[in-house]
Amino acid sequence: MESRRAALRKKSMRLPLLPGVYIMKNKAGEIIYIGKAKALKNRVSQYFGSPNAHTVKVRKMVENVEDFDYIVTGSEFEALVLECSLIKQHMPKYNILLKDDKGYSYIRIAGKTYKTISAVLQKQDDGAQYIGPYTSSFAVKQSVDAANKIFMLPQCGRDFDKEVRAARPCLNYYISRCCGVCTGKVNPAEYAEAAEQAIRFLKGDTRAVLESLTAQMEQAAEALDFERAAKLRDRIAAIQKMQEKQKVVFKSVEEQDVFSMAESENSVCLAVLRFSDGRLFDSEHFFFDKAGSAGEMMASAITSYYSLRRDVPKRVTVDGAVDGREDLERWLCEKRGKKTEIFCPQRGEQVEVVKMCRENAQEKLALKLGIRGRDVAVLEELRDLLGLTRAPSYIEAYDISHTAGADSVGGMVVFQDGKPLKSAYRRFRIRSFEGNDDYRSMHEVLTRRFEEYEKLKDTNEGFGRLPDLILLDGGVGQVNAVKPVLDRFGLSVPLFGMVKDNRHRTRAIAQNGGEIEIRSNRRVFTLVSDIQEEVHRYSVAYHHARHAKHSLSMTLCEIDGIGEKKARALLKRFKTLTAVREADIDALCTAPGISRKTAEQIYAYFHPEEADA
């Protein structure tokens, strides 16, 4: 593997510093990845350098690369157009591919006397009436649900033309979601009228439906049929309430698609909210493996999304940076035939629209991973606060504990997806020196941790796994003490300190250039505080255990013939000083290195009254 990577790197260093497209191939000659570059040499050579800088997906891709080809283009824009064309043609395994598997949706109207309305994905030759096709299953389902609720049509799926007899109605009848055809008391003419109004409503003739219902309500009231008038009044109110919910979200831009991503350790969820006439008409989400920075992934996702579609809106709204934004805008403009802009809002109501899209992505990702949406959200907030390239799903935190320089130890805790991962916790005894020097201790702990990484990095487990973020209990001094360790191993893991106030409470996050205030962000503040408290608790608990054991060893060392080595052997065999005291001579002899003579001395030390007798 190393020899192949070296050979590929040597080949990549001979590439020109020109824009173009590169094509990665496996042993079978299959295309597994296609990318574009502003300078081919710089971009392609990065793949075959140190694997530490790559995500898991990119490392796996590089492991499967046997050879690569390239095509030089006249500009970055030409490279983008060619990349889109080749990806669509070859569908490479490691590219971000958003598969459009939604198909078309229909509104199905079944039955004659008692018509029922439902949303379906396929049109069948079953004698039913179909309205459509529609491109948005989201909009169809919402509309059908609204129509059935407003006009109180049954949704149980029964064929009432074949069987209408008195029966016990379902829950929908009792909560006023269904007129109760199954009771046998529904007038067929009234039902047919309600079903016809529901169909007109679904076809978009809402104003005419409201005018008709209002006229019927007034006639019923004049005829003193107050029960029917009340039903029609409630139906009118339901339609008006539904219209209020579908309010204009963004008045100044009628047509736009909103993109936002939520990240976990290896997965990304892309959410897309589509607006037309200022109203939300479709919602989609896609999952793919994490590969590269957020800006790279967003650019690839937008490219893949519109490669599948002809309709491009006036505006594409995003929640962060997009790599190659100008070229991507130009490509979208040419595809649409009119101007299209990529817009990242900083203030105003559009920020709320993006926030809604982000929350959708977070909830979908959380559901897929079996975690809470707010855990995904806080990690993304931490990413933005610290200026990281991706959300820190796997966080390692370190602390040093000692008593006046004695029995100095280090503790490492791990938080994965915002929760403690106790199976990954590790403890360190400070070996290189004795005394009170937290900086030197932290330097030793991190050095030993990454020495283990060098041995195990091919496994990507335990110490063989690189964290997304390292947090140290302490300020800039601790950060400066550890930074040379990362430089020595050639690692670019984000490194920050956790600063406490004079009451030992989390106050800020330290970096090389100063401090970042976190108290204004409640969720980030809570997460960092929890991490700091946990690593402090863990390291102090280990120190107390070590200190207590050391104190016991010192007690045993007061016995003639017992040094530190034999004292440790006794404590290892008997666990506690009380157990050593209560052991007889024969039992003491079972400890490694303890002769019978030494055992007699130990016994005599703890039982002086027997020696005096």
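Please read all numbers here as calculations on a predicted model, not as lab measurements.

Basis of the calculations
Residues numbered from 1 in each chain as written. Predicted model: local features only at pLDDT ≥ 70, side-chain atom pairs only at ≥ 80, totals over all residues. Heavy atoms only, no water. Salt bridge = Lys/Arg side-chain N within 4 Å of Asp/Glu carboxyl O. Helix = DSSP H or I, 4+ residues; strand = E, 2+ residues; numbered from the N terminus. Buried < 20%, exposed > 50% of the residue type's maximum accessible area, 1.4 Å probe, protein only. Pairing = 2+ DSSP bridges. pLDDT = per-residue confidence, 0-100. Arc of directions from axis to C-beta. Phe/Tyr/Trp six-rings, centres within 6.5 Å; stacked < 30°, edge-to-face > 60°. Lys NZ or Arg CZ within 6 Å of the ring centre and 35° of its normal.

S.K.: Just checking my understanding: could you explain the pattern of salt bridges for this structure?
M.R.: By the definition in use, this model includes 26 salt bridges. Across the salt bridge formed by Arg274 and Asp311, the nearest N and O atoms sit 2.9 Å from each other. Residue Arg274 is found in strand β8 (residues 267-276), and its partner Asp311 is found in the loop between α10 (294-307) and β10 (315-318); the two are separated by 37 residues along the sequence. The partner of Arg448 in a salt bridge is Glu444, and the shortest N-O contact between them spans 2.9 Å. Here Arg448 and its partner Glu444 are both found in helix α14 (residues 438-456), 4 residues apart, which amounts to about one turn of the helix.

S.K.: Sorry, what's going on with the pairing of β8 here?
M.R.: Successive side chains on a regular strand alternate, one facing one side of the sheet and the next facing the other. Among the 10 residues in β8, 9 count as buried, and that is most of the element. The pairing of strand β7 (residues 256-263) with β8 spans 8 bridges and is classified as antiparallel. Paired with Glu263 across the bridge in β8 is Val268. The loop that links β8 with its antiparallel partner strand β9 (residues 279-289) comprises 2 residues; one of these, Asp277, has a positive phi angle of about 55°.

S.K.: Honestly, the confidence of the model for the protein in this entry has me stumped. Any pointers?
M.R.: Where the model shows low pLDDT, its predicted coordinates should not be examined in detail. Summarising the model, the protein shows a mean pLDDT of 83, and 91% of its residues fall at 70 or more. The least confident element of the protein, judged by mean pLDDT, is helix α21 (residues 608-612) at 61; the most confident is strand β1 (residues 20-25) at 95.

S.K.: Which parts of the structure should I look at to understand helix α20 (residues 596-606)?
M.R.: One full turn of an α-helix is made of 3.6 residues, so residues set three or four places apart face in the same direction. Thr598, Ala599, Ile602 and Phe606 are the residues of α20 that are buried. The arc enclosing the buried residues of α20, seen along the axis, measures out at 100°, which places them on a common side.

S.K.: Just checking my understanding: could you explain unusual backbone geometry for this structure?
M.R.: With the exception of glycine, most residues fall at negative phi, and the peptide bonds are largely trans. At Met152, a position not held by glycine, the phi torsion is positive, near 55°. Along the chain, the position of Met152 falls in the loop between α5 (137-150) and α6 (171-174). Using a relative accessible area of 26% as the deciding quantity, one classes Met152 as partly exposed. Its identity is not glycine, yet Asp417 carries a phi of approximately 55°, on the positive side. Relative to the elements of secondary structure, Asp417 occurs in the loop between β13 (406-416) and β14 (419-420). Assessed through its relative accessible area of 14%, Asp417 is described here as buried.

S.K.: When you look at the packing of aromatic side chains in this model, what are you seeing that I'm missing?
M.R.: Each aromatic ring pair is described using two quantities: the centre-to-centre distance and the angle formed by the ring planes. Under the counting rule described, the total for this entry stands at 13 aromatic pairs. A centroid spacing of 6.3 Å and a plane angle of 40° characterise the contact between Phe428 and Phe463, whose relative ring orientation is tilted. Note that Phe428 is positioned in strand β15 (residues 426-429) and Phe463 in the loop between α14 and β16 (469-473), a separation of 35 residues in sequence. A connected cluster of aromatic rings, assembled from ring pairs, spans Phe259, Phe286, Tyr305 and Tyr306. In this arrangement the basic side chain of Arg426 is found over the ring face of Phe463, its NZ or CZ atom lying 5.7 Å from the centre. Its guanidinium or amino end placed over the ring of Tyr394, Arg465 lies 3.8 Å from that ring's centre, counting from NZ or CZ.

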